[in-house]
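Spelled out, the chains give:
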Amino acid sequence: MGNSWFLGCWQDKHRRVGDGALVVTVVDDKIEKVVTIVFGGFESIHLGHRRLLSHVSGVNDGGVLTFEPLPKEALGYSESRVLTDDERLCAFESMGINQIIKLPFEKIKDLEPETFLSRYLEDVQTIVVGENFRFGRNAVGDISLLKQWCQLNRKNLIVEPLVSVDGEIVSTKAIKNYIHHGNMERAMKLLGYPYFIRGPRVHGNRIGSKIGVPTVNLHWSKQKTRPPYGVYDGFLLSNQWSGPALASFGKAPTFDRKDVLLEIYVPGIDLNIGAGEIVLYGFHRFVREEKKFPDATSLVQQIREDENDLAKDAPLIEAEMNQLLLLFSRACLLPSR
Ligand SMILES: Cc1cc2nc3c(=O)[nH]c(=O)nc-3n(C[C@H](O)[C@H](O)[C@H](O)COP(=O)(O)O)c2cc1C
Ligand SMILES: Nc1ncnc2c1ncn2[C@@H]1O[C@H](COP(=O)(O)OP(=O)(O)OP(=O)(O)O)[C@@H](O)[C@H]1O
């Protein structure tokens, strides 16, 4: 897949993405040429979403019907995402999905459920949703209404039972809550892959190399759900080097820094990653809170202890990194400029 993948793929009404496998279409009328659709928001592509999406994975005339923006964003309930639009596309494409159809939320938000179905889904043959799916004006449309309409209109309806983990129903809302509270292990369990952030490398105050802790820094994108300030272990994925890494998220109070950064540190390696190059950090676990140390020596002493935590977790972290790369294509996550 080439770099063109990222270049404004949502701008046009019909757009072929990357090498041509995934086509993104924005519709405000009847959906054509797609026989099976999986319907919903799909912000995080969690374990429940994956069960639904398997119905159209590798299916030529199958597609995903989703919204732009997501209803919860348009209605002001949600400001950040687990996956950005680009990252969702990476996941869809990696799953072998051919078509993404986006409904402009503004155009459909006031439609009665039956009006919506007749206007948009007249030509679709099979509809796949989860048990808790709701749609139409004020989300008044539910599964029983959808069943009735499908019977009347000779459509095939597949309603998937809700996927749970340890008795908890998997949902994007729950995942975000875990991330906000630094419970990255639980977020990973519900997602089926580690939570991550990607972005271009930026420079910090260049103190790190002087104190023996050289870091690769990222600004926290406002689009992504924010974990608490603190030190994490996890992994760095880059085009230069990939593997277990520590990360410090916050303002480095020891040095009274003003900027909030995610600083990624690989013990024993000073990485030669150029400014602007895209890197990814995958979170395994919250290790400790960020502290204000009396001097650089005591900070470095603490970081040496953090390195021991990283070494202990390294085998699990490697496995999680590989899990991510099974579900999201590497070339898509890390485009070379
Ligand atoms: C593993 C790790 C843990 C860190 N923990 C703290 C901390 O507890 N308190 C703090 O003030 N800074 C902490 N930092 C941030 C360092 O202060 C920072 O990397 C250093 O000031 C270099 O910053 P620079 O990239 O802006 O030059 C940590 C950095 C790393 C890599
Ligand atoms: N745990 C689950 N198991 C199976 N299907 C699910 C699950 N959660 C959601 N779905 C289905 O996936 C589709 C997309 O749902 P949606 O994106 O609204 O899910 P969500 O993750 O519950 O989001 P949020 O928590 O923000 O409401 C819908 O058809 C929905 O019914």
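Each value, and the rule that gives it
The residue numbering used here restarts from 1 in each chain and proceeds along that chain's sequence as written. Both sets of labels track the order of writing: A upward for chains, 1 upward for ligands. Per-residue local features are limited, in this predicted model, to residues with pLDDT of at least 70; the limit for side-chain atom pairs, both in listing and counting, is 80 or more; totals at the level of whole chains, interfaces and linings are taken over all residues. Think of it this way: any DSSP run of H or I at least four residues long counts as a helix, any run of E at least two long counts as a strand, and we number them from the N terminus. To get the radius of gyration, use the C-alpha atoms; to get the globule rule, take the number of residues to the power 0.38 and multiply by 2.2 Å. Three classes are used. A residue is buried when 20 or more other C-beta atoms lie within 10 Å of its own, exposed when 12 or fewer do, and partly exposed in between, with C-beta atoms placed from the backbone. Contact definition: two residues whose C-beta atoms, as placed from backbone geometry, lie within 7 Å. We count a residue as near a molecule or strand when its backbone-placed C-beta atom lies within 6 Å of that partner. In the scheme used here, Gly and all other residues not listed as nonpolar or charged are polar, with Ala, Val, Leu, Ile, Met, Phe, Trp, Tyr, Cys and Pro taken as nonpolar and Asp, Glu, Lys and Arg as charged. Remark: nonpolar core denotes a set of buried Ala, Val, Leu, Ile, Met, Phe, Trp, Tyr and Cys residues whose joining runs through C-beta atoms within 7 Å. Per the annotation, domain bounds derive from an automatic or database assignment of domains. UniProt positions are given in the numbering used here, feature names are shortened, and annotations may be inferred rather than shown by experiment. Two strands qualify as a pair provided DSSP detects at least 2 bridges between them. Between the N-to-C directions of two axes lies an angle of 0 to 180 degrees, each axis being a line fitted to C-alpha atoms and, for a helix, fitted only over the stretch in contact. Every residue is assigned a pLDDT by the predictor, reflecting its confidence on a scale from 0 to 100. As used here, the arc belongs to the directions running from the helix axis to the C-beta atoms. If you view a crossover with the strands going away from you and the path from the first strand over the helix to the second runs clockwise, you call it right-handed.

J.: Honestly, the overall build of the chain in this entry has me stumped. Any pointers?
T.: A tally of regular secondary structure across the chain gives ten helices and 15 strands. Here the chain has a C-alpha radius of gyration of 22 Å; the compact-globule value for 337 residues is 20 Å, and the two agree. Principal-axis analysis of the C-alpha atoms places the extent of the chain at approximately 75 × 40 × 35 Å. Per-residue burial for the chain yields a buried fraction of 34% across its 337 residues. Within the chain, contacts between residues separated by at least 24 positions form 74% of all contacts whose residues are at least 6 apart in sequence.

J.: Teacher, can you tell me more about the site of ligand 1 here?
T.: For ligand 1, the set of nearby residues contains 24 residues, the closest of which are Gly204, Gly208, Ser248, Thr254 and Tyr265. Sorting the residues of the shell around ligand 1 by element identifies strand 13 (243–250), strand 14 (261–265) and helix 9 (296–327) as the ones contributing at least two each. By residue number, the principal contributor to the shell around ligand 1 is helix 9, which donates three residues. Considering only residue class, the shell around ligand 1 consists of eleven nonpolar, seven polar and six charged.

J.: Would you mind showing me how to read the nonpolar core here?
T.: The tendency in soluble globular proteins is for nonpolar side chains to be buried side by side. Counting 72 residues, the largest nonpolar core has Val38, Val64, Ala187, Tyr195, Leu236 and Tyr281 as its most contacted members. Both domains that meet at this core, namely domain 1 (3–165) and domain 2 (187–333), each give it at least three residues. Dropping the residues within four chain positions of it, Tyr281 is found in contact with Phe196, Ile197, Leu218, Gly234, Leu236, Ala247, Leu262 and Ile264.

J.: Help me understand the UniProt feature "domain: Riboflavin kinase" (unreviewed entry) in the chain in this model?
T.: UniProt feature "domain: Riboflavin kinase" (unreviewed entry): in the numbering of this structure it lies at residues 190–311. Across residues 190–311 one finds 15% helix and 34% strand; the C-alpha atoms that close the span lie 25 Å apart.

J.: Hey, could you run me through the sheet that holds strand 14 in this one?
T.: Sheets are built from strands paired through backbone hydrogen bonds, the pairs being either parallel or antiparallel. An order of 10-15-12-13-14-11 is seen for the six strands of this open sheet, with the pairing classed as antiparallel. Because the sheet does not close on itself, it has two edges, and the strands there are strand 10 (196–200) and strand 11 (216–219). Across the sheet, the mean angle separating the axes of adjacent strands is 35° when strand polarity is ignored. Where strand 13 lies against strand 14, five bridges are found, and the strand directions are antiparallel. Within strand 14, the residue paired with Ala247 across the bridge is Ile264. Helix 9 rests against strand 10, strand 12 (230–237), strand 13 and strand 15 (278–288) of the sheet, and its axis sits at about 130° to strand 15.

J.: Looking at this structure, how should I read the confidence of the model for the chain?
T.: The predicted coordinates should not be examined in detail at positions where pLDDT is low. Mean pLDDT over the chain works out to 91, with 93% of the residues at or above the 70 mark. Note that pLDDT drops below 50 for residues 1–14; the model gives that stretch 26 contacts with residues more than four away or on any other chain. Here the predicted complex scores 0.93 on pTM and 0.96 on ipTM.

J.: Could you clarify how one ought to interpret the site of ligand 2 in this entry?
T.: The full set close to ligand 2 counts 23 residues, and Gly40, Gly41, Gly48, Gly130 and Thr172 are the nearest of them. Looking at the shell around ligand 2 element by element, the count peaks at four residues for helix 1 (residues 47–53).

J.: Can you walk me through the environment of Ser80 in this structure?
T.: By the element assignment, Ser80 lies in the loop between helix 2 (71–74) and helix 3 (85–94). Taking the C-beta count within 10 Å as the criterion, Ser80 has 16 such neighbours and is therefore assigned partly exposed. Look past the residues within four positions of Ser80 in its chain and what remains in contact with it is Lys222, Gln223, Lys224, Thr225 and Arg226.

J.: Honestly, helix 8 (residues 184–191) in this entry has me stumped. Any pointers?
T.: In an α-helix, one turn spans 3.6 residues; hence positions three or four apart end up facing the same way. Buried within helix 8 are the following residues: Met184, Ala187, Met188, Leu190 and Leu191. For helix 8, the angular spread of the buried residues around the axis is 165°, confining them to a single face. Those residues of helix 8 hidden inside the fold are in contact with helix 1, strand 8 (164–165), helix 7 (172–180), strand 12, strand 15 and helix 9. Looking one or two residues past helix 8, Gly192 carries a phi angle of roughly 90°, positive in sign.

J.: Just checking my understanding: could you explain the pairing of strand 6 (residues 126–130) for this structure?
T.: Regular strands have side chains that alternate between both faces of the sheet. For strand 6, a buried count of four out of five residues is recorded, marking the element as mostly surrounded by other parts of the structure. Here three bridges tie strand 3 (residues 36–39) to strand 6, and the two strands are oriented parallel to one another. Note on strand 6: the bridge partner recorded for Thr36 is Thr126. Bridge count for strand 6 against strand 7 (residues 156–160) is five bridges, and the pairing is parallel. When the sheet's bridge partners are listed, Val129 is paired in strand 7 with Val159. Read as a crossover between parallel neighbours, the route from strand 6 over helix 6 (residues 143–152) to strand 7 is right-handed.

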